[in-house]
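Notes for the structure review
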Amino acid sequence: MQRTPDNPALASAPRRIAHAVALLIVFAAIVVCVKRIDVSSFARWQTELLYWNYAAHVLMIAVAVCAALTLKRRWAEYGLTGQRCKRGVLIGLCSGATLALLPLVLEVAFGQLALQSRLAGYWISTVVFQVLFVGFGEELLFRGFFQAEWNRVFARRFHIGQVRFGFGLLATALLFGIAHWLNPFNPLRDRFALDWSALFFTTNAGLILCFSRELTGSLVAAVLIHVAADVYPALFLKGTPGGIGMAVGWGAAVAVLIFAANSPTASDAAPPEPQGD
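In this report, we go over the structure that sits alongside the text. All values derive from a computational prediction rather than experimental measurement. (Residues numbered from 1 in each chain as written. Predicted model: local features only at pLDDT ≥ 70, side-chain atom pairs only at ≥ 80, totals over all residues. Heavy atoms only, no water.)

Topic: a nonpolar patch on the surface
What counts is decided by this rule: Every patch collects residues that have over 30% relative accessible area and no salt bridge, joining them within 9 Å if they carry like charges and within 5 Å if they are nonpolar side chains (Val, Leu, Ile, Met, Phe, Trp, Tyr). To be clear on the numbers: accessible area is Shrake-Rupley with a 1.4 Å probe, and residue cover counts the displayed protein chains and nothing else. We define a salt bridge as a side-chain nitrogen of Lys or Arg found within 4 Å of a carboxyl oxygen belonging to Asp or Glu. Classification of residues uses two cut-offs on accessible area relative to the type maximum, computed with a 1.4 Å probe and protein chains only: under 20% is buried, over 50% is exposed, and between them is partly exposed.
A cluster of nonpolar side chains, Ile124, Val127, Val128, Val131 and Leu132, forms an exposed patch at the surface whose accessible area comes to about 400 Å². The class for Ile124 is exposed, based on a relative accessible area of 57%.

Right under this line is the structure:
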């Protein structure tokens, strides 16, 4: 990893600090709202009917969209761009293929493949939820909104291959991990447990997803990798062979991204530079 010069849009230290504080406040507000939604009668209704917490992820999408409109950001700054879409799809599919398929192959090979549910409604709702609300929704919030805004605070002074990144990548991945760390925590339900394994694994997964965002300049690859990672645990009971397959799959994803980052065309797909406020 090497350092390269970069000039962020927020050049003054006070503005960077104010922007960072604002981002942390937004994150905290989202967490509080999600915990409040979790204890509502609507949450119980949607979980019983749809099996998943759609409302929380609708909130995530709404926050990112409202931020883009309020701050007058270009959609491309949040990764919503059709430029070089084929490249993002190719990288996402190559990175996610092993991640999605190897756990299933190993579970079948060891005779341990078991469904979470045989209900058609569960499968339909799970596919819709994981693709549109988790895959797209979480990526729009974290790799779209948060990563773009953290890149205004921290200059992208480092690079791997042709891909530039900065501490904004780390900050985004850490918030992603903290969000999952807090999943079981809800004082409104007298639940104070914290998921330490989720903090470790999702922070590392966040680093990979954030790098794919910097690599491709869009959310396409990150969404595909995220969906690939969630297919197996959402639809099937997780066993040891599947867990090993997931670990190997993440390693394969890293290999694909590093290879792509060192290709001659990698620098052409970088995210747009932040525009001044």
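There is more to say after this.
Examining the environment of Ala62
For clarity, the cut-off: Only DSSP runs of H or I covering at least 4 residues are called helices, and only runs of E covering at least 2 are called strands; the numbering of each starts at the N terminus.
As for its position among the elements, Ala62 is in helix α3 (residues 54–70). Distance from Ala62 to Leu141, taken between C-alpha atoms, is 8.8 Å for residues 79 residues apart in sequence.

What to know about the pattern of salt bridges
Summed over the entire model, instances satisfying the criterion amount to eight salt bridges. A salt bridge links Asp38 to Arg189; its shortest N-O distance comes to 3.0 Å. Linking Asp38 in helix α1 (residues 13–38) with Arg189 in the loop between α6 (167–181) and α7 (196–216), this pair joins segments that are 151 residues apart in sequence. With relative accessibility at 21%, the residue Asp38 sits in the partly exposed group. Overall, the relative accessible area of 35% leaves Arg189 in the partly exposed class.

Looking at the packing of helix α4 (residues 85–109) against helix α9 (residues 240–261)
Going by this rule: Orientation is described by axes fitted as lines to C-alpha atoms, over the contacting stretch for helices, and by angles from 0 to 180 degrees between their N-to-C directions. For classification, angles of less than 35 degrees are called roughly parallel, those exceeding 145 degrees roughly antiparallel, those between 65 and 115 degrees roughly perpendicular, and all remaining angles oblique. Helix crossings get a hand from a simple test, with the near helix turned counterclockwise from the far one by less than a right angle marking a left-handed crossing and a clockwise turn marking a right-handed one. Think of it as three bins: nonpolar holds Ala, Val, Leu, Ile, Met, Phe, Trp, Tyr, Cys and Pro, charged holds Asp, Glu, Lys and Arg, and polar takes everything else, Gly as well.
Where α4 contacts α9, the two axes come as close as 7 Å, and the packing angle between them is 160°. Considered as vectors, α4 and α9 are oriented roughly antiparallel to each other. The two elements α4 and α9 meet at a crossing, and its hand is right-handed. Of the residues in the contact of α4 with α9, the class split is 15 nonpolar, six polar and two charged.

Focus: the packing of aromatic side chains
Under the convention used in this document: When the centres of two rings from Phe, Tyr and Trp lie within 6.5 Å, Trp using its six-membered ring, the rings pair. Their planes under 30 degrees apart give stacked, over 60 give edge-to-face, and anything left gives tilted.
Scanning all chains against the criterion turns up 21 aromatic pairs. Residues Phe129 and Phe133 carry aromatic rings whose centres are separated by 6.4 Å and whose planes lie at 15° to one another, so their mutual orientation is stacked. With Phe129 and Phe133 both in helix α5 (residues 120–153), this residue pair falls four residues apart, about one helical turn. Here the two residues Phe129 and Phe133 agree in accessibility, since each one is buried. Both rings, one in Phe154 and one in Phe167, keep their centres 6.2 Å apart while their planes meet at 70°; by these two values the pair is edge-to-face. Note that Phe154 is positioned in the loop between α5 and β2 (158–160) and Phe167 in helix α6, a separation of 13 residues in sequence. A relative accessible area of 31% places Phe154 in the partly exposed class.

Concerning the packing of α6 against α7
Definition in use: Here, two residues are considered to be in contact whenever any of their heavy atoms come within 4.5 Å of each other.
Viewed as axis vectors pointing N to C, α6 and α7 meet at an angle of 145°, and their least axial separation amounts to 7 Å. For the pair α6 and α7, the sense of crossing is right-handed. Every residue of α7 that contacts α6 at Leu169, Leu170, Thr172, Ala173, Leu174, Phe176, Gly177, Ile178, His180 and Trp181 is listed here: Trp196, Ala198, Leu199, Thr202, Thr203, Gly206, Leu207, Leu209, Cys210, Phe211 and Glu214. Of the residues that constitute the contact of α6 with α7, the class distribution is 14 nonpolar, six polar and one charged.

Overview of α5
Structurally, the α-helix is built with 3.6 residues per turn, so residues lying three or four positions apart point the same way. Which entries qualify depends on this criterion: By this rule, a helix spans an expected 1.5 Å times one less than how many residues it contains. Fitting one axis to the seven residues ending at a residue and another to the seven starting there, the bend at that residue is the angle between the two axes.
Relative to the 50 Å expected for 34 residues at 1.5 Å per residue, α5 spans 46 Å between its end C-alpha atoms, a close match to the ideal helical length. The axis of α5 is deflected most strongly, by about 35°, at Gln130.

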